[in-house]
Amino acid sequence: MQDPQLIDPFGRRITYLRLSVTDRCDFRCTYCMSEDMVFAPRAQILTLEELHAVADAFIGLGVKRIRITGGEPLVRKNLLSLLTRLGARDELEDLAITTNGSQLAHMAPALREAGVNRLNISLDSLQRERFAAFTRRDSLDQVLQGIEVARAAGFRRIKLNTVVQKGRNDDEVEDLVAFAVARGLDISFIEEMPLGSISSHERKVTLCTSDEVRERVASRFQLLPSSHRSGGPSRYWQVLGSDTRVGFISPHSRNFCGECNRVRVTAEGKLVLCLGHEGALDLKALLRRHPGDSERLRAALIDALRLKPERHYFEADQQVQVVRFMSMTGG
Ligand code: SAM
Ligand code: SF4
């Protein structure tokens, strides 16, 4: 018999899991969290054993890529023990982490050793005051140092992630590309999504489309269309004469749902089938009612896939349609 696989009603095969290991974070980025964020009680967060059970079930169902995220994944205690177990799995082609970089200066070598092969590091500005305004933390130097340590640690690829906002950092995109080019890194520019209610800015005013960002980048660098895909929604361009690829994640201006190959599991064990919809399946309840029952877990995942929506409906008016913040779902 053929191994069971995760295929949704629209024929999309799920090979990519984003697994959130915590909803907590040492930053408070304005587009991602409110200043007075309330975090889930610790007992509601999946244990490392439960996170492993979830990852294991997905791997058994054909998932080839896992991205560990959060909140800030590197503030989760004993994360390395989970990474080491996953890093040893031959079935996985890719074990990656998305991080704000604050802990990389002391953790990057251990992550590499545990088997993590790719890093995404969020970086919205190279200017200290702007960085602090974005993250509500004065930690630019710490992150820049983390990037340098990570570069030396030998990851297959490191990519920067930048959320671009008009009037706040859109005039810096060329400098950020120059920073990436000088270090042999990739960089993706992200259109802000209306996830969670915020008071720091009006999203429809600050929305900067990928086309606008690309035009700016093209004013200083020659960009060649690239066929490279990272398994995610980024569209890439190669910076001529360099090793750097520039990606654009455009949930507003380009709907990529037709190629969606992913699902997410939140730190509280909710299976989220689409970032743009509220619906989620409570895996924690199942894990705690039937500990160790991997067959039941697998069956629940296969069943849940029937509910994966066809697409999201993020509109340019940036109305909040999903009350979950990105930090709750796992970016
Ligand atoms: N703390 C880690 C970090 O910042 O990289 C991982 C989690 S974070 C939620 C993952 C990514 O989501 C970051 O690159 C962040 O910039 C992005 N993000 C957060 N809120 C967003 C929003 N409303 N729209 C678009 N991207 C968002
Ligand atoms: Fe924390 Fe990442 Fe959200 Fe910023 S984007 S608040 S670093 S989880």
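It should be noted that the structure appears before, not after, this text.
Reading guide: rules and limits
- Residues numbered from 1 in each chain as written.
- Chains lettered and ligands numbered in written order.
- Predicted model: local features only at pLDDT ≥ 70, side-chain atom pairs only at ≥ 80, totals over all residues.
- Heavy atoms only, no water.
- Near = heavy atom within 4 Å.
- Polar contact = N/O pair within 3.5 Å; in protein donor to acceptor, adjacent residues only side chain to side chain.
- Areas by Shrake-Rupley, 256 points an atom, 1.4 Å probe, with all protein chains shown as cover.
- Salt bridge = Lys/Arg side-chain N within 4 Å of Asp/Glu carboxyl O.
- Buried < 20%, exposed > 50% of the residue type's maximum accessible area, 1.4 Å probe, protein only.
- Helix = DSSP H or I, 4+ residues; strand = E, 2+ residues; numbered from the N terminus.
- Lys, Arg positive; Asp, Glu negative; His and termini not counted.
- Contact = heavy atoms within 4.5 Å.
- Axes fitted to C-alpha atoms, helices over the stretch in contact; angles between N-to-C directions.
- Nonpolar A, V, L, I, M, F, W, Y, C, P; charged D, E, K, R; others polar.
- Arc of directions from axis to C-beta.
- Core = buried A, V, L, I, M, F, W, Y, C linked by side-chain atoms within 4.5 Å.
- Left-handed = near helix turned anticlockwise from the far one by under 90°.
- Pairing = 2+ DSSP bridges.

(A) Summary view of the site of ligand 1. The immediate surroundings of ligand 1 are formed by 19 residues, with Tyr31, Gly71, Glu72, Ser122 and Met193 found nearest. Thr99 places a main-chain nitrogen or oxygen 3.2 Å from an oxygen atom of ligand 1. Contacts to ligand 1 include Ser122, whose side-chain N or O atom sits 2.6 Å from an oxygen atom. In isolation ligand 1 exposes 550 Å². Once the protein is present, 95% of that is buried.

(B) View of the pattern of salt bridges. Using the criterion set out here, one finds 21 salt bridges in the structure. With a closest N to O distance of 3.1 Å, Asp293 and Arg296 form a salt bridge. According to the relative accessible area criterion, Arg296 is partly exposed, its value standing at 41%. A network of salt bridges, in which partner residues are shared, links Asp56, Arg89 and Glu91.

(C) Summary view of the side chain of Lys284. Here Lys284 shows up in helix 9 (residues 283–289). One buried charge, Lys284, has no salt-bridge partner; the nearest side chain with opposite charge is Asp282, at 4.7 Å. Excluding its chain neighbours within four sequence positions, the residues that come into contact with Lys284 are Gln44, Leu46, Glu268 and Gly269.

(D) The arrangement of the packing of helix 2 (residues 79–87) against helix 3 (residues 104–114) in detail. Running from amino to carboxyl end, helix 2 crosses helix 3 at an angle of 30°, the nearest separation of the two axes being 8 Å. Of the residues in helix 3, those touching helix 2 at Leu80, Leu83, Thr84 and Gly87 are Met107, Ala110, Leu111 and Ala114. Classifying every residue of the contact of helix 2 with helix 3 gives six nonpolar, two polar and no charged.

(E) The arrangement of the site of ligand 2 in detail. With respect to spatial proximity, the complete set of residues near ligand 2 consists of Cys25, Phe27, Cys29, Cys32, Met33, Gly71 and Asn100. Looking at side-chain class alone, the shell around ligand 2 contains five nonpolar, two polar and no charged residues.

(F) Quick look at helix 10 (residues 294–304). Of all the residues in helix 10, the buried ones are Leu297, Ala300, Leu301 and Ala304. Each buried residue of helix 10 lies within a common arc of 100° when the element is viewed along its axis, so the set occupies one face.

(G) Highlighting the nonpolar core. Counting residues in each nonpolar core, the largest one holds 82 residues, and the members touching the most others are Phe58, Ile66, Ile68, Leu111, Leu119 and Phe189. In contact with Ile66, not counting residues within four places along its chain, are Leu17, Leu19, Ala55, Ile59, Leu92, Asp94, Leu95 and Ala96.

(H) Examining the packing of helix 1 (residues 48–60) against helix 10 more closely. For the pair helix 1 and helix 10, interaxial distance at closest approach is 10 Å and the crossing angle is 65°. Handedness of the helix 1/helix 10 crossing: right-handed. Between helix 1, through Ala53, Val54, Ala57, Phe58 and Gly60, and helix 10, the contact on the second element is made entirely by Leu297, Arg298 and Leu301. The class makeup of the residues in the contact of helix 1 with helix 10 is six nonpolar, one polar and one charged.

(I) Structural view of the side chain of Arg18. Checked against the element boundaries, Arg18 lands in strand 1 (residues 16–20). Here Arg18 is buried and forms no salt bridge, its nearest opposite-charge partner Asp94 lying at an N-O distance of 9.2 Å. Polar side-chain contacts of Arg18 include one of 3.4 Å to the side chain of Tyr16.

(J) Representation of the sheet that holds strand 7 (residues 223–225) in the model. Taken in spatial order, the twelve strands make up an open sheet running 7-8-9-6-5-4-3-2-1-10-11-12, and their pairing is mixed. Here the strands that pair on one side only, and so sit at the sheet edges, are strand 7 and strand 12 (280–282). Adjacent strand axes in the sheet meet at a mean angle of 25° when their direction is disregarded. Sheet topology note: the strand 3 (residues 94–99)/strand 4 (residues 118–122) ladder contains four bridges and is parallel. Within strand 4, the position partnered with Thr99 by the bridge is Ile121. Seen against the sheet, helix 2 touches strand 2 (65–69) and strand 3 and runs at an angle of roughly 155° to strand 3. Running over the sheet, helix 6 (residues 173–183) touches strand 5 (157–164), strand 6 (186–191), strand 8 (235–239) and strand 9 (245–249) and is turned about 155° from strand 6.

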